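# Survey of secondary and tertiary structure
Residue-level listing of the chains:
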Amino acid sequence: MNMSKRDFYEILGVSKNASDEELKKAYRKMAIKFHPDKNPGNKDAEEHFKEAAEAYEILSDKDKRARYDRFGHAGLGGASSGGGAGFGGGMNMDDIFSQFGDIFGGHFSGFGGGSQGGGRRVNKGSNLRVKVKMTLEEIATGVEKKIKVNKYIGCDKCNGSGAHSGSSFTRCTTCHGSGHVTRVQNTILGQMQTSGTCPSCGGEGQIITEKCKACHGDGIVRGEDVITLNIPAGVSEGMQLSVSGKGNAGPRGGIPGDLILQVEEAEHDHLQRDGSNLIFNLFLNFADASLGSSVEIPTLEGKAKVKIDAGTQAGKLLRLKGKGLPSLEHYGKGDLIVNINIWTPQHLSSEEKKLMEKLRDSKNFEPAPGKKDRGFFDRMKEYFE
């Protein structure tokens, strides 16, 4: 089923100011309705089930929900996009059961007819954090980057199982393979029944009788992985993006954690960033400012020619519309603002000094600022208005 990406609040049928409890109730209702156990072989129901889990995974996390509310799907860096090799590998049944299995409250034994062994614990790997430095040119267009990371990967000697061989397992005798145990306690209110993780097998339902010698039973070892990242245009310094399933491998065949990517901006040789706008400080010599000229301005796409009018004053601002950066929040691009400075020569030859002395007392060289020659802050205010 090819479903277009819908609003997460719309998927769960809640308002944007829904409380955590309202989100949980709405997700449980959707999950039970489209659960694979109730809809065997129904691919549409399975996609709706995954879609609801994906929406709840984002909205139930305070930080992810804040980024989604501010930037929409783009703010998650593709973390909410199903499939693909870039951000967001989509959620599979193991992900959903591991993260939200408690929400069903025992309504189902597991996914796909109890394939999780009646509620066994599924180990999840820890998240991995990395920093990626990006140039302004890369930020302007978005970029695909391949990075090599050191992390925990599945042990190739035991295929991540942690056991020496496929027969090196025994069913846990404490929980009889269910992964949880039930206790009955006598209280003043009568008998109370509680259920918890099995202390003998840690909720896995089975115990390794002979551990793998390479990973010592953990199912994971230190290694390297090359990860392809599709980073969207318009990201900024300090922004964090999540890559689902690209973190550390989960112990003993568990699901992997996420890769948390933090963006760093590389300093540009000529341009400075101000939100989605770029600023270039242009230094003109006195002659060009007086007589007028044509100069080349560096942009992220190459060079742009700009006409300098005769009599241009220091501090004048020129705007190159649409030559800035795209924004994750809005459509369109920012501008390139050229801030004009007049360069005063610091070393003059004797001939140059004589020329300047002749011009010093000229009437046209006397400062005569008018209303249009406003200060820097007034000019900036006028520009942004």
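From a predicted model like this one, the values you see are computed outputs, not experimental measurements.

### Some points on the sheet that holds strand E14 (residues 317–320)
The four strands are arranged E10-E11-E15-E14 in an open sheet whose pairing can be described as mixed. Two strands lie at the open edges of the sheet, namely strand E10 (271–274) and E14, each paired on one side alone. Strand-to-strand twist in this sheet, taken as the mean axis angle between neighbours without regard to direction, amounts to 30°. Where E10 lies against strand E11 (residues 277–285), four bridges are found, and the strand directions are antiparallel. Bridge assignment links Arg273 to a residue of E11, and that residue is Leu278.

### Structural notes on the nonpolar core
The biggest cluster of nonpolar side chains holds 39 residues, and the ones touching the most others in it are Leu229, Ile231, Val235, Leu282 and Ile297. Core analysis: the second largest hydrophobic core is formed by 22 residues, Leu23, Ala26, Ala53 and Tyr68 among them.

### Observations regarding the sheet that holds strand E9 (residues 259–265)
Here we have three strands laid out as an open sheet, ordered E1-E9-E8, and mixed in their pairing. In this open sheet, the two strands that pair with only one neighbour each are strand E1 (128–134) and strand E8 (240–243). Within this sheet the neighbouring strands show an average axis-to-axis angle of 30°, counted without direction. Here four bridges tie E8 to E9, and the two strands are oriented antiparallel to one another. Across the sheet, Leu241 pairs through a bridge with Leu261, a residue of E9.

### Regarding the confidence of the model for the chain
Mean pLDDT for the chain: 82, with 80% of residues reaching 70 or above. Summarising per-element confidence for the chain, the mean pLDDT is lowest in helix H5 (residues 93–100) (54) and highest in E11 (96). Note that pLDDT drops below 50 for residues 78–89; the model gives that stretch 42 contacts with residues more than four away or on any other chain. Of the regions scoring below 50 in pLDDT, residues 104–118 engages in 39 contacts with residues more than four places distant in sequence or in other chains.

### Looking at the pattern of salt bridges
A full pass over the atoms with the stated rule returns 16 salt bridges. Glu265 is the partner of Arg273 in a salt bridge, and the nearest nitrogen-oxygen pair spans 2.6 Å. Owing to a relative accessible area of 24%, Arg273 belongs among the partly exposed residues under this scheme.

### Notes on the pairing of E9
The pairing of E1 with E9 spans seven bridges and is parallel. When the bridges of E9 are listed, Lys131 appears paired with Gln262.

### Looking at a nonpolar patch on the surface
Together, Phe286, Leu348, Met356, Leu359 and Phe365 make up a nonpolar patch on the protein surface, roughly 400 Å² of accessible area in all. The exposure class assigned to Leu348 is partly exposed, which follows from its relative accessible area of 35%.

Reading the values: the criteria
- Residues numbered from 1 in each chain as written.
- Predicted model: local features only at pLDDT ≥ 70, side-chain atom pairs only at ≥ 80, totals over all residues.
- Heavy atoms only, no water.
- Pairing = 2+ DSSP bridges.
- Helix = DSSP H or I, 4+ residues; strand = E, 2+ residues; numbered from the N terminus.
- Axes fitted to C-alpha atoms, helices over the stretch in contact; angles between N-to-C directions.
- Core = buried A, V, L, I, M, F, W, Y, C linked by side-chain atoms within 4.5 Å.
- Buried < 20%, exposed > 50% of the residue type's maximum accessible area, 1.4 Å probe, protein only.
- pLDDT = per-residue confidence, 0-100.
- Contact = heavy atoms within 4.5 Å.
- Salt bridge = Lys/Arg side-chain N within 4 Å of Asp/Glu carboxyl O.
- Patch = residues over 30% accessible without salt bridge, like charges linked within 9 Å, V, L, I, M, F, W, Y side chains within 5 Å.
- Areas by Shrake-Rupley, 256 points an atom, 1.4 Å probe, with all protein chains shown as cover.

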